[in-house]
Amino acid sequence: MTHEEALIRVLCQGPVPVEAISHVEACDSCRSELQALRQTESDIRRAKPAFQARLDSRAVLQKVLPARAHRRAWPAVAAAALIAGLLGGWSFGRLAHSSPAASLSAQEMALADAPWAPAGDDSTLSLLQAAYPMAERFSAVTAADAGSFIDSE
Amino acid sequence: MAEAPDEWLEQIKAGEPAAVQRLLDELSGPVRRYLEGMLHNPAQAEDLAQEALVRLLQHLGEFRQEASLRTYTFQIAHNLALNHLAAASTRREEYGSEEPLQAEDGHQGALEMVAAKEDQRRVRQALKLLAPQQRAVVILRAWEDMSFKEIARVMGLAEGTAKAHYFFALRNLRHHLEAKNDA
C-alpha cells in the first residue's frame, strides 16, 4: 500500500482497512500529512459562506410556466376555432372572444384535463397544477411573456 | 433540514403549490452557494442557480428517484458549472471577483472577526486555484456535507475516484495556503 492509498482510506469516510491504519501509524510522513490534511479540511469548513440567499422563485416559475402553458394551450385554441367554424354564422374573431374556451388564459387552458396530453406526461401537468396558483398569486404572466419564452427556447 | 425534498416529490406531483415553493426554498440557497464557490462570480452563480432550478422543474418527470432530489439538483448545477467554466476558458474570461462572500460572524470581537474573515478569504482564494473537479469535490464535501457516494453521483464518477480527487485537492490546497503564508 502506497502512502497516498493509505491516506485516502484513512482520510475519507467508510470502512478503513487495518492495513491502512497500520501504515499511517507506523509512517511519520503519513501521520504528519494526515494531521495537516485534517487541518486543511477544518479551514475549508470554516470558510463556508453562511448566507443561503434564496433565489426569487417567481423568476424560476415564470421561466417554467409560460412555455408549458403556451405549448399546451395551442391545441385548445385550434379546437375552439374549429368548433366556431363548424357552428357557422359567427366570425372567428367574434367567437374567439365570446367562447368560454377562447376567453381562458393560456395557463387556465393548460390546467384543463387536456385529452391531447401525451401519454405519460402526467407529471408535467401535475407540476403545472402545482406551480400555477402560486405564480398567479405573485404576478400574472402575460401572453407576450409566454411568447418570448417560447422564442428563447 | 426538517424534511427531505424527496418526501415533497409526491406532494408536488399531487399539485400542492406549497410543496413547489418549499422545494425551491430548500434547494436554491445551497445550489447558489455551490455555484458561487465554483465560479467565484456571484452574478453568474445566481443566473446558473436559477437555470439549474428551471431545468429541475422542467425535467422532474424524468426523475427516477435513483438518487435524492438534492443530489439530482446538484448534478444539474455541477454540469452547468463545468460547461460554463469550459466556455469561460475558451473566452479567456477572468474569474475572481473580489466581492467577498458574507461570512459567518458569530459573536467574535472585531479583531478576531477581521482575522477570521481574512483566513476565509485566503482559503477561498486558494480554492480558485484548484482544478474544477477538485474544487467541486471539496465544496460538496466540506460545505454541503455530502457523502462520497453522493458526490460521486453528482460528478458522474466512481466513488473511489471522488475520494482520490478529495485527497489530492486537500493536498494541493494545503500547498497553496502554505505558499501564500510564505509569500
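Residues numbered from 1 in each chain as written. Chains lettered and ligands numbered in written order. Predicted model: local features only at pLDDT ≥ 70, side-chain atom pairs only at ≥ 80, totals over all residues. Heavy atoms only, no water.

J.: Before we move on, can you summarise the overall build of chain A with the specific residues and values?
T.: Along its length, chain A carries nine helices and zero strands. Moving toward the C terminus, one meets the helices and strands of chain A in the order α-α-α-α-α-α-α-α-α. The buried share among the 153 residues of chain A stands at 37%. Of the roughly 8600 Å² of accessible surface on chain A, 57% is carried by carbon and sulfur atoms. (Helix = DSSP H or I, 4+ residues; strand = E, 2+ residues; numbered from the N terminus. Buried < 20%, exposed > 50% of the residue type's maximum accessible area, 1.4 Å probe, protein only. Areas by Shrake-Rupley, 256 points an atom, 1.4 Å probe, with all protein chains shown as cover.)

J.: Before we move on, can you summarise the overall build of chain B with the specific residues and values?
T.: When helices and strands are tallied, chain B shows eight helices and zero strands. In sequence order, the secondary structure elements of chain B are arranged as α-α-α-α-α-α-α-α. For chain B, the residues scored as buried account for 48% of the 183 residues in total.

J.: Talk me through the pattern of salt bridges; I want residue IDs and the actual numbers.
T.: Counted under the stated rule, the structure contains 13 salt bridges over all chains. Across the salt bridge formed by R33(B) and E144(B), the nearest N and O atoms sit 2.9 Å from each other. Pair noted here: R33(B) is in helix α2 (residues 17-39) and E144(B) is in the loop between α6 (132-142) and α7 (148-155), with a separation of 111 residues, a long-range link. By the burial criterion, R33(B) is buried, and E144(B) matches it. Shared partners join several salt bridges into a network, and the residues in it are E4(A), E33(A), R171(B), R174(B) and E178(B). (Salt bridge = Lys/Arg side-chain N within 4 Å of Asp/Glu carboxyl O.)

J.: How would you explain the packing of aromatic side chains if you had to name every residue and give the values?
T.: All names here are of chain B. All chains considered together, the criterion is met by four aromatic pairs over all chains. Relative to Y72, the ring of F63 has its centre 4.9 Å away and its plane inclined at 40 degrees; by these criteria the two rings are tilted. Each ring, one from F167 and one from F168, has its centre 4.9 Å from the other, and the planes form 75 degrees; the classification is edge-to-face. Residue classification places F167 among the buried positions, given a relative accessible area of 0%. (Phe/Tyr/Trp six-rings, centres within 6.5 Å; stacked < 30°, edge-to-face > 60°.)

J.: Describe α2(B), naming the residues involved and giving the relevant values.
T.: Residue and element names in this part refer to chain B. A rise of 1.5 Å per residue sets the reference length of α2, with its 23 residues, at 33 Å; its end C-alpha atoms lie 32 Å apart and thus fit the reference within 8%. The largest bend along α2 reaches roughly 30 degrees and is located at S28, with the proline P30 sitting one to four residues downstream. Within α2, 18 of the 23 residues are buried, which leaves the element mostly enclosed by the surrounding structure. Count one or two residues on from α2 and you reach H40, which has phi positive near 55 degrees. (Expected span 1.5 Å × (residues − 1). Bend = angle between axes of the 7 residues up to and from the residue.)

J.: With reference to specific residues and values, describe the packing of helix α1 (residues 3-11) of chain A against helix α8 (residues 159-182) of chain B.
T.: Relative to each other, α1(A) and α8(B) sit at 100 degrees, their axes nearing to 10 Å. One element, α1(A), and the other, α8(B), form an angle in the roughly perpendicular class. Contacts between α1(A) and α8(B) involve E4(A), L7(A), I8(A) and L11(A) from the first element and K163(B), A164(B), Y166(B), F167(B), F168(B), L170(B) and R171(B) from the second. When the residues that make up the contact of α1(A) with α8(B) are grouped by side-chain class, the tally is eight nonpolar, no polar and three charged. (Axes fitted to C-alpha atoms, helices over the stretch in contact; angles between N-to-C directions. Parallel < 35°, antiparallel > 145°, perpendicular 65-115°, else oblique. Contact = heavy atoms within 4.5 Å. Nonpolar A, V, L, I, M, F, W, Y, C, P; charged D, E, K, R; others polar.)

J.: Outline the nonpolar core, listing residues and values.
T.: Ranked by internal contacts, the top residues of the largest apolar core, which has 73 residues, are Y34(B), L35(B), L56(B) and V138(B). In this structure L35(B) touches H40(B), A45(B), L48(B), A49(B), A77(B) and A81(B), once residues within four positions along its chain are discounted. (Core = buried A, V, L, I, M, F, W, Y, C linked by side-chain atoms within 4.5 Å.)

J.: Report on the confidence of the model for chain B, specifying residues and quantitative values.
T.: Averaged over all residues, the pLDDT of chain B equals 85, while 85% of them reach at least 70. In this model residues 97-101 of chain B is a low-confidence stretch, pLDDT under 50, and it forms 10 contacts with partners more than four residues away in sequence or in other chains. (pLDDT = per-residue confidence, 0-100.)

J.: Describe the state of the cysteines, listing the residues and the values that go with them.
T.: Residues and elements named next belong to chain A. Tallying each qualifying case throughout the model produces zero disulfides over all chains. The thiol sulfur of C30 is not disulfide-bonded, and the nearest other cysteine sulfur, from C27, lies at 3.6 Å. Residue classification places C30 among the buried residues on the basis of a relative accessible area of 1%. (Disulfide = S-S within 2.5 Å.)

J.: Outline the confidence of the model for chain A, listing residues and values.
T.: Confidence along chain A averages 63 in pLDDT terms, with 41% of residues attaining 70 or more. For the stretch residues 134-153 of chain A, pLDDT sits under 50, and the model shows 23 contacts to residues farther than four places along the chain or on other chains.

J.: Summarise the side chain of Q120(B); cite the residues concerned and give the values.
T.: Within the element layout of this structure, Q120(B) appears in helix α5 (residues 110-128). In terms of polar contacts, Q120(B) uses its side chain to reach the backbone carbonyl oxygen of R46(A), at 2.9 Å. (Polar contact = N/O pair within 3.5 Å; in protein donor to acceptor, adjacent residues only side chain to side chain.)

J.: A description of the side chain of Q50(B) should follow, citing residues and the corresponding values.
T.: With respect to the secondary-structure elements, Q50(B) resides in helix α3 (residues 42-58). Aside from chain neighbours lying at most four places away, what touches Q50(B) is L55(A), A59(A), V60(A) and K63(A).

J.: Can you tell me about α3(B), naming the residues and giving the values?
T.: The terminal C-alpha atoms of α3(B) lie 24 Å apart, and with 17 residues this matches the ideal 24 Å at 1.5 Å per residue to within 8%. Along α3(B), the residues that are buried comprise P42(B), A45(B), L48(B), A49(B), Q50(B), A52(B), L53(B), V54(B), L56(B) and L57(B).

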